[in-house]
Amino acid sequence: MIIGVPKEIKNNENRVGLTPAGALALTSRGHELHIQKGAGIGSGFLDNDYVEVGCKISPTIESTYDIAEMIIKVKEPIEKEYGLIKKDQLLFTYFHFASYEPLTKAMLKSGAVCLSYETVQLTDGSLPLLVPMSEVAGRMSIQEGAKYLEKPMGGKGVLLGGVPGVEPANVIIIGGGIVGTQAAKMAAGLGANVTILDINLDRLRYLSEILPANVNTLYSDQHNINRLIKSADLIVGAVLIPGAKAPKIISKEMLKQMEPGTVVVDVAVDQGGCIETCKPTTHENPTYVIDDVLHYCVANMPGAVPRTSTFALTNATLKYAIQLADKGWEQACGDDPALRLGLNIVKGKVVYEAIADAFDLDYEPLH
Ligand SMILES: NC(=O)c1ccc[n+]([C@@H]2O[C@H](COP(=O)([O-])OP(=O)(O)OC[C@H]3O[C@@H](n4cnc5c(N)ncnc54)[C@H](O)[C@@H]3O)[C@@H](O)[C@H]2O)c1
């Protein structure tokens, strides 16, 4: 198969769809790889690293899209890329359709096959291509939260771990999945007083077994959240309902109950955010303040640590990319139910129910 890897052009996005090691796995199976010139630079890979493993260097983004039967990338196409996508082309990337209607409409119009990393799902419900980036974002959420809690950054001026004789910070983590668990580990490691909330009791039981003693588990309901936010220093939003918009757990009204300088890191921003006042920000301008509460809502957090993230992403996507390249999307999705669930839009039709529901579009189940 002819595969194209374009350079990411979203603001401050330095990841790339494949590492040279991943590219080698595909070229050694006879696939033709076209890597856009400079695509790997932000992650520390030179064009020559790809040439050495049998790739061709494509001079422009246009030439990369033009030649490829399958595009492997990281983030959803942005407006400038919409017109480059060809009918019947297979796009294997993150899309997060439910949070952005114009992208959904553009991909429907393109006639392309959109296979989303974030909805590839195993039978146990886990999301293998969201996991690595969630691990990165979860760990980063505490690093960023700690930074913005510093006074010069606009926060309360609280050190997460406190010091002997001084209380540690209160960290509230809403959602105990991958992001939440990694955040809890990092916050606990720094000595904070951590509470992690979820609606899944089995998950809470598991978390209570594996997390250290300075992490409390709590059922996520409005009463508990109302109570906790009043004394919170850092709140991490980490909920997910796969393929759907995030539920709004903290309303604008509730911000008034928080102390000035409280920091909210809404990692779920890519699904619309679980805090009502959340709106997507970028690494260039990551925060804003509403009612004295500092909001950090960067939609591509792992983009700030591209080298770690690119390795982690390719480690997870490669086995699926190989299936798609070897067999074509129809056969590969027919053989692997997990991959099949990644199909969101196929040649002008929405084939994933939650996306159709999000924008009141027709849902056409796949046969
Ligand atoms: N901003 C970024 O850069 C970035 C990076 C990676 C992931 N994410 C996003 O982070 C979010 C979380 O991802 P994840 O991998 O941890 O998902 P996950 O499925 O592993 O965990 C989500 C958890 O939320 C829980 N949940 C659902 N409704 C809840 C509620 N009302 N209250 C409390 N918990 C609730 C679920 O039970 C589940 O345990 C997703 O929206 C994901 O797209 C963002």
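To be clear, the structure that these remarks concern was listed above.
So, here's what we can say about the structure.

Reading the values: the criteria
Residues numbered from 1 in each chain as written. Predicted model: local features only at pLDDT ≥ 70, side-chain atom pairs only at ≥ 80, totals over all residues. Heavy atoms only, no water. Phe/Tyr/Trp six-rings, centres within 6.5 Å; stacked < 30°, edge-to-face > 60°. Helix = DSSP H or I, 4+ residues; strand = E, 2+ residues; numbered from the N terminus. Buried < 20%, exposed > 50% of the residue type's maximum accessible area, 1.4 Å probe, protein only. Polar contact = N/O pair within 3.5 Å; in protein donor to acceptor, adjacent residues only side chain to side chain. Contact = heavy atoms within 4.5 Å. Pairing = 2+ DSSP bridges. Axes fitted to C-alpha atoms, helices over the stretch in contact; angles between N-to-C directions. Near = heavy atom within 4 Å. Areas by Shrake-Rupley, 256 points an atom, 1.4 Å probe, with all protein chains shown as cover. Nonpolar A, V, L, I, M, F, W, Y, C, P; charged D, E, K, R; others polar. Patch = residues over 30% accessible without salt bridge, like charges linked within 9 Å, V, L, I, M, F, W, Y side chains within 5 Å. Salt bridge = Lys/Arg side-chain N within 4 Å of Asp/Glu carboxyl O. Lys, Arg positive; Asp, Glu negative; His and termini not counted. Charge placed at Lys NZ, Arg CZ, Asp CG, Glu CD.

### Concerning the packing of aromatic side chains
- For the coordinates displayed, the defined rule picks out 6 aromatic pairs.
- Measuring from centroid to centroid gives 5.5 Å for F45 and F311, while their planes differ by 85°, and the two rings are edge-to-face. Highlighted residues: F45 in the loop between β2 (32-36) and α2 (47-51) and F311 in helix α11 (residues 306-327), separated in sequence by 266 residues.
- In this structure F311 comes out as partly exposed when scored by relative accessible area, which is 35%.
- Ring geometry for Y94 versus Y117: centroids 4.8 Å apart, planes at 85°, classification edge-to-face.

### Focus: the side chain of E13
- Summarising the element assignment, E13 is placed in the loop between β1 (2-5) and α1 (20-27).
- When its relative accessible area of 5% is taken as the criterion, E13 is described as buried.
- Polar side-chain contacts of E13 include one of 3.0 Å to the side chain of N300.
- For E13, the contacting residues outside a window of four places in its chain are E8, K75, N300 and G303.

### As for the sheet that holds strand β10 (residues 234-237)
- A sheet is described by the order of its strands in space; here 7 strands give the open sequence β9-β8-β7-β10-β11-β13-β12, paired in mixed fashion. For this open sheet the edge positions go to β9 (215-219) and β12 (287-290), each flanked by a neighbour on one side alone. Averaged over all pairs of adjacent strands, the angle between strand axes in this sheet comes to 20°, irrespective of strand direction.
- Across 5 bridges, strand β8 (residues 193-198) lies against β9 in parallel orientation. Paired with D198 across the bridge in β9 is Y219.

### As for the environment of D270
- Along the chain, D270 falls in the loop between β11 (263-266) and β12.
- Apart from the residues within four sequence positions on either side, D270 is in contact with H96, S99 and A299.
- A distance of 3.5 Å separates polar atoms of two side chains, one belonging to D270 and the other to H96.

### Here's the deal with the sheet that holds strand β5 (residues 90-93)
- Taken in spatial order, the 8 strands make up an open sheet running β3-β2-β1-β4-β5-β6-β14-β15, and their pairing is mixed. Whereas interior strands pair on both sides, the edge strands pair on one side only; in this sheet they are β3 (56-58) and β15 (349-350).
- As paired elements, strand β14 (residues 343-346) and β15 share 2 bridges and run antiparallel to each other. Across the sheet, V346 pairs through a bridge with K349, a residue of β15.
- Taken strand by strand, α11 contacts β1, β4 (70-72), β5 and β6 (113-116), and its axis lies near 170° from that of β5.

### Details of the site of the ligand
- Within the structure, the ligand sits among 29 residues, and S134, D198, S220, D270 and M301 are positioned closest to it.
- D198 is positioned with one of its side-chain polar atoms (N or O) 2.6 Å from an oxygen atom of the ligand.
- Contact between the ligand and A299: an oxygen atom at 3.2 Å from a main-chain N or O atom of the residue.
- Within the complex, the protein chains bury 89% of what would otherwise be the 870 Å² of accessible surface of the ligand.
- Of all the secondary structure elements, the ones that give two or more residues to the shell around the ligand are α6 (131-148), α7 (178-189) and β8.
- Per-element tally for the shell around the ligand: the top contributor is α6, with 3 residues.
- Residue classes in the shell around the ligand are distributed as 18 nonpolar, 9 polar and 2 charged.

### Regarding a negative patch on the surface
- On the surface, a cluster of negative charge is made up of E353, D357, D360, D362 and E364.
- Along the chain, E353 turns up in helix α14 (residues 353-359).
- Its relative accessible area of 45% is what places E353 among the partly exposed residues.

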